[in-house]
Structure formats: C-alpha cells, structure tokens
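Per-entry structural report
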Amino acid sequence: MKKLSARRRHPLAAVVVLLLALAATGGLYAAFAPAGKAQADETAQSLAIDEGKKLYTVGCASCHGTGGQGTTDGPSLVGVGSAAVDFQVATGRMPAQQPGAQVPKKPVIYTQAEIDQLAAYVASLGAGPITPTDKQVDPAGADVAKGGELFRNNCAQCHNFTGKGGALTKGKYAPDLEGVSPKHIYEAMQTGPQSMPSFPDTTMPEQEKKDIIAYIQTVNGEESESPGGLALGGLGPVSEGLFAWIFGLGSLVAVAVWVAAHTAKAKKS
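Residues numbered from 1 in each chain as written. Predicted model: local features only at pLDDT ≥ 70, side-chain atom pairs only at ≥ 80, totals over all residues. Heavy atoms only, no water.

**Looking at the packing of aromatic side chains**
The line we're drawing: Pairing of aromatic side chains requires ring centres within 6.5 Å, counting the rings of Phe and Tyr and the six-membered ring of Trp. Pairs whose planes differ by under 30 degrees are stacked, by over 60 edge-to-face, and all others tilted. Comment: elements are numbered from the N terminus, with helices defined as DSSP H or I runs of at least four residues and strands as E runs of at least two. A 1.4 Å probe rolled over the protein chains alone gives each residue an accessible area, and that area as a share of the maximum for its type sets the label: buried under 20%, exposed over 50%, partly exposed in between.
The tally for this structure, following the rule as stated, stands at two aromatic pairs. Between Y56 and Y121, the aromatic rings sit 5.2 Å apart at their centres with planes inclined by 50°, giving tilted as the arrangement. In this pair, Y56 is assigned in helix α1 (residues 13-59) and Y121 in helix α4 (residues 112-124), connecting sequence segments 65 residues apart. According to the relative accessible area criterion, Y56 is buried, its value standing at 1%.

**Side note on the UniProt feature "binding site: heme c 2" (unreviewed entry) in the protein chain**
Quick reminder of the rule: UniProt positions are given in the numbering used here, feature names are shortened, and annotations may be inferred rather than shown by experiment. Should any heavy atoms of two residues lie within 4.5 Å, those residues are counted as being in contact.
Here, UniProt's "binding site: heme c 2" (unreviewed entry) annotation points to C155, C158 and H159. Here C158 shows up in helix α7 (residues 156-159). By relative accessible area, which is 36% here, C158 ends up partly exposed. With sequence-adjacent residues up to four places away left out, C158 is seen in contact with G165, G166, L168 and A174. Within the element layout of this structure, H159 appears in helix α7. A residue is classified by how much of its surface remains accessible, and H159, at 11% relative accessible area, is buried. Those residues within four positions of H159 in sequence are excluded, and the remaining contacts are F151, K164, G165, A174, P175 and L177.

**Examining the packing of helix α6 (residues 144-154) against helix α9 (residues 206-219)**
Spelled out, the test is: Angles here are taken between N-to-C directions and fall from 0 to 180 degrees, while the axes themselves are lines fitted to C-alpha atoms, restricted in helices to the stretch in contact. Put simply, angles under 35 degrees are roughly parallel, angles over 145 are roughly antiparallel, angles from 65 to 115 are roughly perpendicular, and the rest are oblique. Three classes are used, and their members are as follows: Ala, Val, Leu, Ile, Met, Phe, Trp, Tyr, Cys and Pro are nonpolar, Asp, Glu, Lys and Arg are charged, and the others, Gly among them, are polar.
The geometry of α6 relative to α9 is characterised by a closest axis approach of 7 Å and an angle of 95° between their N-to-C directions. As far as their axial angle goes, α9 and α6 are roughly perpendicular. Here V144, K146, G147, G148, L150, F151 and R152 of α6 come into contact with α9, specifically with E208, D211, I212, A214, Y215, I216 and T218. Of the residues contributing to the contact of α6 with α9, the split by class is seven nonpolar, three polar and four charged.

**Notes on the packing of helix α3 (residues 81-90) against helix α8 (residues 182-191)**
Basically, it comes down to this: Handedness of a crossing is defined here by the sense of rotation of the near helix relative to the far one, left-handed for an anticlockwise turn of less than a right angle and right-handed for a clockwise turn.
Where α3 meets α8, the axes come as close as 9 Å, and the angle between the chain directions of the two elements is 130°. Classified by the interaxial angle, the pair formed by α3 and α8 is oblique. Relative to α8, the crossing made by α3 is left-handed. For the pair α3 and α8, contact is made by A83, A84, D86, F87 and A90 and by K183, H184, E187, A188, Q190 and T191, respectively. By residue class, the composition of the contact of α3 with α8 is five nonpolar, three polar and three charged.

**Remarks on the state of the cysteines**
Put simply, the rule is: By disulfide we mean two sulfur atoms from cysteines, separated by a distance within 2.5 Å.
Per the stated rule, a full pass over the model turns up zero disulfides. Between C63, a cysteine without a disulfide, and C60, which holds the nearest cysteine sulfur, the sulfur-to-sulfur distance is 8.6 Å. What makes C63 partly exposed here is its relative accessible area of 32%. Sulfur of C155: no disulfide; nearest cysteine sulfur belongs to C158 and is 8.7 Å away.

**Looking at the layout of surface pockets**
Defined as follows: In this analysis, the protein atoms alone were mapped onto a 1 Å grid. Cavities are point sets where a 1.4 Å probe fits without being able to get out; pockets are open sets with protein on both sides within 12 Å along at least five of seven lines; lining residues have an atom within 4 Å of a point. Grid points are joined across faces, edges and corners, and a volume is the space filled by probe spheres set on the points. Residue ranges assigned to each domain were obtained from an automatic or database domain assignment.
In this model, the largest pocket occupies a volume close to 810 Å³. When residues of the lining of the largest pocket are traced back to their parent elements, those giving at least two are α1, α2 (61-64), α3 and α4. In terms of residue count, α3 provides more of the lining of the largest pocket than any other element does, four residues in total. Residue assignment places the lining of the largest pocket across two domains, with domain 1 (43-123) and domain 2 (132-218) each supplying three or more.

**A word on α6**
The cut-off we apply is this: Taken from the helix axis, the directions to the C-beta atoms give the arc we talk about. For the purposes of these results, a polar contact is taken to be a pair of N or O atoms within 3.5 Å, where, inside protein, one atom must be able to donate a hydrogen and its partner to accept one; residues adjacent in sequence count only when each atom of the pair is a side-chain atom.
When α6 is considered as a whole, its buried residues turn out to be G147, G148, L150 and F151. Buried residues of α6, viewed axially, fall in a sector of 165°; they line one side. Structural note: α6 exposes A145 and N153 on the side pointing more than 90 degrees away from its buried face. For α6, the elements touching its buried residues are α7 and α9. Taking the backbone nitrogen of A145 as reference, a side-chain oxygen 3.2 Å away marks D143 as the first, capping residue of α6.

This is the structure we're talking about:
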C-alpha cells in the first residue's frame, strides 16, 4: 500500500488561527473587563460615601441630624441630592456660621474632593438632583437672546434684569449673579436654594438652563455695553428712583429756595 502523503496546510491557516485567538481573547476581555470596572466604580463610590459620612458627622450632623433627618436648627437633607450639597458647600454657604434670615456666601472651607465625598454621602440618603457635568453647564453655542427672555420671565423679578440681585421680604435678598460659576448657577436652578424656586428639567430643560447661563455671562461680561448711559449699578427702579429723589427733587427744592430768596430781595428794594 502506498503511504498516504500528509496533507499540506493552507497558507492562510495560521492567519485564521491567529484571528480566532484574538477573537477569543477579546471575548474574554468583554466578558470580564466591564464587570471589573463596574466593581471598581462601586468600591470607589462606597469609599466616597464612607469618607463623606465622617465629614458629615463632624461638620453637619449637629444641625441636620446624625442621619440627615433634620432638626430644629437645620432642614432634612434626605432627597436634596448631590447638586444641593455641591452648591451650598462649594459657595461657602454651608456650614453656616449662625442662623439668620438668609445664609450668605463666604469663603469655602472644604476642598472639592471633600465636597464630592459629602455630596456622595448625602445623595445616598435619598434620590435627588445630581451634580451636573461640565458638558451640561457649558454655555458654548447657547441662544443668548432666548436666555434673556427666559431670565426676564423667571428670574428678573428677584435678581434684576442683569442679575445684580435685589432685596426681598423679611431680611432676605436675591444675590448678585456676576462672577458666579455656570455650575453653581445651574445647580441653583436645579435645587432652588433658600427663597428661590427650583426649575427641574421637567420644568426647564437642560438647554434652556444653558441659555440663561449664557445670557448672565454676556450681560455681565467686560464686552457688554449699556446703551442707556449711566447704569446706576444696574439695580433698576430702586436706584433710579433714589437718584430721582436725591438729585431731581433736591434740585427743584434748591431752585425754589433760590427763587424765593431773590423775590424777597426784590420786594425789599
């Protein structure tokens, strides 16, 4: 019998084997890598919550309760979300120095990393508004004119037409928005701090918030001009009325006194 000659391998056989091996490796990576990443993210979040709880116990629990349930000195934090924590703590409003009609902005005492940890812990107490991303608050490409319309309809009653702020009732006030970061303006609209109403995405979509931020930055920017001349602080009717009373009415009184004095002299002569 003739010996059967060994079959020759196809020249592309090695390439096929290599591709199959790579596919198998990729399949294994796809099967295990996402689970590993998810587990790592979950571990990091748990660590952030644990560290945030420690910071909360030292700096917040005395007013807001050991579990965020609130006390007579501070409201409940259950359900306020990470956005509220980031706004209040990153602007220095919290921890509050003393009770009052309104908590003012002051120097920040926590680092951003610590603020993120506090926010993670408070967010774990109950679902609430989430801290926005840089993309969400970026006003690039926003409609400034639309933002001005939205601002005048929803915000100008308290913050004035250019965001200079103004007085409210019972010792409260709407703060000046000049120099406030887009992130904090967005968070304020999300959460409605103190006397301000909240504007969730169901009421005011993300794009409209961007439009408002773009408007505030434009009217308070260095390139913004006032076609009306003297801005009087941009405070609107309050400062304009005060100007009219002091200078307008004062000038009329001065003229009346001058006329009366000269009339008296004329009669004597």
